[in-house]
Amino acid sequence: MKSTIQEIFLENVQAKSNTLITFIDEPNSVSHLSYKKLYLEACYKLHALQEKGLQPGDELVFQFESNRNFVITFWACVLGKIIPVPVAFASAASTVQKISEIWKKLKNPFIITDNPSLKVSFEEFQSEETVFEEMLKRCLVFSELQNSKKATPLPADESDIVFIQFSSGSTGLPKGVINTQEAIIYNFQDYLANIKINSEDRFLGWVPLIHDMGLIFFHIVPLLANVPQFLMPPTVFLTYPELWIESIAEHQITISGSPNFGYRIVLDNLDRINFQNLALDKVRLLINSAEPVSINDCKRFSEAFAAQGLSKHCVRAAYGLAEAVLGVSMNYKNEEESKEYVLDRGQLSIGDSIKVVENKTKSAATFANLGTYEYTQISVVDENDQVLPDNALGYIRLKSKAITKGYYNDPETTKSIISKDGWLNTGDIGFIDNKQLILTGRAKEMIIINGKNYFPNDLDYVLSEIPGINFQQAISCNVFNENTHTDEIYVFVLYKGKTRDFIDLTAKIKRQISLKLGVEVSKVIAVDKITKTTSGKPQRYILRDNFLKGMYNEFIDEVNRDFGIIKSELKKLTQHQVENKVIPMIKNITGIDDINTRTNFFDLGMTSIQTVQLKVTLEEAFMEKVDDVALFKHTNVNELVEYICTDILKSDHIVTTKEEAGNVNSAKSRMSKLLKSAVSH
């Protein structure tokens, strides 16, 4: 195999094949560009860039809306050893600011766009920072570059930088991943060997080309393999999700894929799909990667299109990251379905040996098997970088020829993440089982409460079980409490209704997490937007930062005002009215209709789970935290009602005697045991 992607591209062009890129830019509208013509247009565009002063080693920031313009300019840069820097188009002020942060990390940058209005955005920000004036001066418009002469491609070396992939923003500050010739070809060889790409294959991708999955897997890989590719803009997919599936059938696609949220979008819009004459029997691989994978969604998707010939096991989980060019592991074998691990949430701390449980248990958390890894070394380590055995949870480290040599112009970050001997600390947590990789979450997002680890994505799934809340319409994250020096769980909910209704939703969310996981949600906050990366990962840090900056204070104040009004109404309840509320709760939880107000709850046979359920139900009804020991101190209806009226609705409870304090400590111990028992069932 040739040692650079330029050489492979030229060799394919000279093979006299007429392989095409088909651009699906909207329903009933396609255009074509052969690989041969792409090569020629790239040579002409390279000369135009050189005329504007760009030289080998200069960086060119991409701001494209058109996939066609993107790929032409990308190969122009590659052939001229100019370094492409793909970035999401600046459609919002936050993206413009991100470009400015990236710009500062580059040596001699230019910027190119196919939307002249971008210059207006830079002009608006000129007064804030001088960098925008420089960006404006070095901004090229694609349509204004004249294709007057064909440039001669420059010879490349396997160590040359091909492009810089800046992080999509799930962790805040952008880091520029260096992708070299050697790394890309090594990753390409992995796909050739394990996916067994052949001349009959046809690729279709809608993931944006600014993302490594879109650029590498759906553009560079099929181009180097010299097989047809079909490219659809993400905006078209999000507007017409049915077009993806219908295009797969129409063009007899064999390989496609999406982040997990894309499969869910299609499943939510099955009524828009024209199933008549929809044939999917040619599909042999639908990759599911770039965000946490739900095996249940994979199965649901396969089942939804089984009658159209879609193979039972063609939706396959995979794991990749920009620092490894793209792919690391995958469920390669078509005859085997992707599997999931159902684990005990109570044993997810670093160094723990994983404990497999039944899916029906309260403590069950599911994680996808992300397959085998043939071209990458993987080790799982503890906090002291000691390698852990199979089935022990730890930090994932990678090593291979595909792993980046470092972050562009960022030696400090490079040193902190990549060891001297080439091991990359991914920031992910997981374990290995018989050469299968399973991830549980991101280290930076992990929530630690009472020594136990909770992963936000798992909490998001638990929240999606609430009727009316779709997956990742409620996003959980950790906020560190400086006073208690502990993590707290905050939930941000996509919500645009009335504050009174939001109070009810808040109670449901707190109840769901408490019953399912045995932990408390500190705050539930309404937001009008949940920002995500290009691959669909929620940017939790933005929500947290916005909260800390006070951006949600206005709505929080409205909720607090309404909350106060409702609390004042609850305080007016008589003891008899409280009793009429409490008795139906106990009947509903225990299933016992005949409740004597003096009978001890535990004589009724109340279980540990029912005790927790009653506690949470009382908190939801009376909008106040119920002391963990309350159901041990007040063990019948009369006592419980008096406690609610006196301590919850009227005044704070104060421990006044040594004997009472002893009772509280004893009861807390018993309640703690009950809570642990309830969560483990």
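Residues numbered from 1 in each chain as written. Predicted model: local features only at pLDDT ≥ 70, side-chain atom pairs only at ≥ 80, totals over all residues. Heavy atoms only, no water.

Draft legend 1. Quick peek at helix H10 (residues 241–250). In terms of residue burial, H10 counts as a mostly covered element, since eight of its ten residues are buried. Restricting attention to buried positions, one finds in H10 the residues Pro241, Glu242, Leu243, Trp244, Ile245, Ser247, Ile248 and Ala249. Among the residues trailing H10, Gln252 stands out with phi positive, at a value near 55 degrees. (Buried < 20%, exposed > 50% of the residue type's maximum accessible area, 1.4 Å probe, protein only. Helix = DSSP H or I, 4+ residues; strand = E, 2+ residues; numbered from the N terminus.)

Draft legend 2. Highlighting the nonpolar core. Counting 70 residues, the largest nonpolar core has Phe74, Trp75 and Phe217 as the members making the most contacts within it. When neighbours within four sequence positions are excluded, Trp75 is seen to be in contact with Ile5, Phe9, Leu38, Ala42, His219, Ile220 and Leu223. Of all hydrophobic cores here, the second largest spans 55 residues; its members include Ile295, Tyr373, Ile418 and Leu424. (Core = buried A, V, L, I, M, F, W, Y, C linked by side-chain atoms within 4.5 Å. Contact = heavy atoms within 4.5 Å.)

Draft legend 3. Representation of unusual backbone geometry in the model. Unusually for a residue other than glycine, Gln252 sits at a positive phi of about 55 degrees. A positive phi angle is found at Asn391, which is not glycine, with a value near 65 degrees. A relative accessible area of 24% places Asn391 in the partly exposed class.

Draft legend 4. Broad picture of the environment of Tyr407. One can find Tyr407 in the loop between strand S18 (394–399) and helix H13 (411–417). C-alpha separation for the pair Tyr407 and Glu323, spaced 84 residues apart in sequence, amounts to 8.9 Å. Among residues more than four places away in sequence, those in contact with Tyr407 are Lys175, Gly176, Val177, Ile178, Glu323, Thr413, Thr414, Ile417, Ile418 and Leu424. Polar contacts involving the side chain of Tyr407 include one to the side chain of Glu323, which spans 2.8 Å. (Polar contact = N/O pair within 3.5 Å; in protein donor to acceptor, adjacent residues only side chain to side chain.)

Draft legend 5. Spotlight on the sheet that holds strand S5 (residues 109–113). Strands sit in the order S4-S3-S5-S6 across an open sheet of four strands; the sheet is parallel. Both edges of this open sheet fall to strand S4 (83–86) and strand S6 (139–141), since each of them pairs with a single strand only. With strand direction ignored, the average angle separating the axes of adjacent strands in the sheet is 30 degrees. Both strand S3 (residues 59–63) and S5 contribute to a ladder of five bridges, which runs parallel. (Pairing = 2+ DSSP bridges. Axes fitted to C-alpha atoms, helices over the stretch in contact; angles between N-to-C directions.)

Draft legend 6. Structural view of the sheet that holds strand S23 (residues 474–481). With mixed pairing, the three strands of this open sheet are ordered in space as S23-S24-S25. Both outer strands of the open sheet, S23 and strand S25 (521–527), are each paired with one neighbouring strand and no more. Adjacent strand axes in the sheet meet at a mean angle of 30 degrees when their direction is disregarded. As defined by bridge partners, S23 adjoins strand S24 (residues 486–494) across eight bridges and the pair is classed as antiparallel. The residue bridging Val479 from the neighbouring strand is Glu488, located in S24. Running at roughly 135 degrees to S23, helix H14 (residues 456–463) makes contact with S23 and S24 of the sheet. Lying over the sheet, helix H15 (residues 499–517) contacts S24 and S25, oriented at roughly 140 degrees with respect to S25.

Draft legend 7. Fine view of the pairing of strand S14 (residues 327–330). Pairing of strand S13 (residues 315–320) with S14, which is carried by three bridges, proceeds in the antiparallel orientation. Of the residues in S14, the one forming a bridge with Ala318 is Met330. Taking the residues that link successive antiparallel strands as the turn, the S13-S14 hairpin has six residues, and the phi of Val325 there is positive, at about 70 degrees.

Draft legend 8. Broad picture of the side chain of Thr113. Here Thr113 lies in strand S5. Looking at Thr113, the relative accessible area reads 0%, which means it is buried. Filtering out sequence-adjacent residues up to four positions away, Thr113 remains in contact with Gln63, Phe64, Phe89, Leu118, Cys139, Leu140, Val141 and Phe142.

Draft legend 9. Quick look at the pattern of salt bridges. Taken as a whole and assessed by the stated rule, the structure comprises 20 salt bridges. Lys405 serves as the salt-bridge partner of Glu182, at 3.9 Å between the closest nitrogen and oxygen. Note that Glu182 is positioned in helix H7 (residues 181–194) and Lys405 in the loop between S18 and H13, a separation of 223 residues in sequence. Among the residues examined, Glu182 registers a relative accessible area of 26% and is labelled partly exposed. Each of Arg264, Asp297 and Arg300 takes part in one network of salt bridges that share partners. (Salt bridge = Lys/Arg side-chain N within 4 Å of Asp/Glu carboxyl O.)

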